Amino acid sequence: MRRAEEIRDTAERVLERLQADRLPVRPADILRRCRRTRIYTYTQAEDALEMDPAEIERISGGADAFTLRFEEETESSYIVCYRERGNPARLNFTLAHELGHIVLRHDGRSTAEEREADLFASCLLCPDEALDGLDHPTADRLARLCYVSRACAEQAVRRREKDLPPKRKNSRLAKYIRAYVENGERHLLRWTNEKR
Ligand SMILES: [Zn+2]
């Protein structure tokens, strides 16, 4: 497994480049903005990839998402497919995990890579600014701010207790979190998973 710090820093760089100023993080939007990357629901993938539902299920191996990588001359391109039904917070984590496989340039699906993608998702969805901005955050408060499952929030709190040393600050995100706290821990915009 790569160093946790390196994975955290990669997640922070993605946030700074593609969604620096608010929570919750929207990995679906980030994926749409990534170069050479397309994102489809399983239903959309049936048309786009000309596959029948059984074939998509077979490729997914029953998972809620999968990523196809196509090798081209100098670069890879990616198609991320996801199951549309289910809990939106869980879907958010699933898509952040798939984004992790892409940006960490994984080429297989080893246990180590799966753990790296999970850590990436936790760092992306619950960035350090969220932990700092809530000042002694509980998993419940963090889960509400970051729109993640309680399990993901617990993992983020543990990540902080454990090791990672402090890093540079994302001030735009910190400003959003201050406004959220001052607003009685209510989001300033309504969360939606819809494409904007
Ligand atoms: Zn995975």
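Residues numbered from 1 in each chain as written. Predicted model: local features only at pLDDT ≥ 70, side-chain atom pairs only at ≥ 80, totals over all residues. Heavy atoms only, no water.

**Describing the overall build of the chain**
Piece 1. On a plain count of helices and strands, the chain comes out with ten helices and three strands.
Piece 2. Written out in order from the N terminus, the α and β elements of the chain read α-α-β-α-α-β-β-α-α-α-α-α-α.
Piece 3. Taken against the 2.2 N^0.38 rule, which gives 16 Å for 196 residues, the C-alpha radius of gyration of the chain at 17 Å falls within 12% of a compact globule.
Piece 4. Principal-axis analysis of the C-alpha atoms gives the chain an extent of 50 × 35 × 30 Å. (Helix = DSSP H or I, 4+ residues; strand = E, 2+ residues; numbered from the N terminus. Rg over C-alpha atoms; globule rule 2.2 N^0.38 Å.)

**As for the sheet that holds strand 1 (residues 37–41)**
Piece 1. Taking strand neighbours across the sheet as the criterion, the three strands line up as 1-3-2 in an open arrangement whose pairing is mixed. Each having just a single partner strand, strand 1 and strand 2 (65–71) make up the two edges of the open sheet. Each strand axis lies, on average, 20 degrees off the axis of its neighbour in the sheet, ignoring direction.
Piece 2. This element, helix 5 (residues 88–103), spans strand 1, strand 2 and strand 3 (76–82) of the sheet and lies at about 165 degrees to strand 3. (Pairing = 2+ DSSP bridges. Axes fitted to C-alpha atoms, helices over the stretch in contact; angles between N-to-C directions. Contact = heavy atoms within 4.5 Å.)

**Section: the coordination of the zinc ion**
Piece 1. Taken together, the protein donors to the zinc ion comprise H97 (NE2), H101 (NE2) and E114 (OE), at separations of 2.0 to 2.1 Å.
Piece 2. The sequence motif formed by the donor residues of the zinc ion is H-x3-H-x12-E. Taken together, the residues H97 and H101, both in helix 5 and four residues apart, mark about one turn of the helix. This pair shows no difference in class: H97 is buried, exactly as H101 is. (Donors = N, O, S within 2.8 Å, 3.2 Å for Na, K, Ca; no water. Buried < 20%, exposed > 50% of the residue type's maximum accessible area, 1.4 Å probe, protein only.)

**Re unusual backbone geometry**
Piece 1. The amide bond that connects L23 to the next residue, P24, takes the cis arrangement and shows omega of -5 degrees.
Piece 2. Locating P24 in the fold gives a position in the loop between helix 1 (4–18) and helix 2 (27–33).
Piece 3. Despite not being glycine, H136 shows a phi value in the positive range, around 55 degrees.
Piece 4. Structurally, H136 is set in the loop between helix 7 (128–134) and helix 8 (139–146).

**As for the state of the cysteines**
As used here, a disulfide is simply a covalent bond connecting the sulfur atoms of two cysteines.
Piece 1. All chains considered together, the criterion is met by zero disulfides.
Piece 2. Here C34 stays unpaired: no disulfide links it, and the sulfur of C81, its closest cysteine neighbor, is 15 Å away.
Piece 3. Here C34 falls in the buried class, since its relative accessible area comes to 17%.
Piece 4. Just so you know, C123 is unpaired, no disulfide at all, and the nearest cysteine sulfur is the one on C126, 9.0 Å from it. (Disulfide = S-S within 2.5 Å.)

**What about the pairing of strand 2?**
Piece 1. In this sheet, strand 3 lies alongside strand 2 in antiparallel orientation, the contact comprising seven bridges. In the strand pairing of strand 3, E71 is matched with S76.

**Brief notes about the layout of surface pockets**
Piece 1. Considered as a void within the structure, the largest pocket measures approximately 540 Å³ in volume.
Piece 2. Around the largest pocket, the lining comprises 16 residues; the ones closest to its centre are R17, C34, I102, V103 and R105.
Piece 3. Among the secondary structure elements, those contributing two or more residues to the lining of the largest pocket are helix 1, strand 3 and helix 5.
Piece 4. Of the residues forming the lining of the largest pocket, the biggest block, five residues, is contributed by helix 1. (1 Å grid on protein atoms, 1.4 Å probe; cavity = no way out; pocket = protein on both sides within 12 Å on 5 of 7 lines; lining within 4 Å. Points joined across faces, edges and corners; volume = space filled by probe spheres on them.)

**What to know about helix 6 (residues 111–125)**
Piece 1. With 15 residues, helix 6 extends 21 Å between its outermost C-alpha atoms, agreeing within 8% with the 21 Å of an ideal straight helix rising 1.5 Å per residue.
Piece 2. Those residues of helix 6 that fall on the buried side of the exposure criterion are E113, E116, A117, L119, F120, A121, S122, C123, L124 and L125.
Piece 3. Against the buried residues of helix 6 lie helix 1, helix 2, helix 5, helix 8 and helix 9 (150–162). (Expected span 1.5 Å × (residues − 1).)

**Here we look at the packing of helix 1 against helix 6**
Piece 1. Two elements in contact, helix 1 and helix 6, have axes separated by 9 Å at closest approach and are oriented at 50 degrees. When the axis of helix 1 is compared with that of helix 6, the two are oblique. Handedness of the helix 1/helix 6 crossing: right-handed. Residue-level contacts link A4, I7, R8, T10, A11, E12, V14 and L15 of helix 1 to E116, L119, F120, C123 and L124 of helix 6. (Parallel < 35°, antiparallel > 145°, perpendicular 65-115°, else oblique. Left-handed = near helix turned anticlockwise from the far one by under 90°.)

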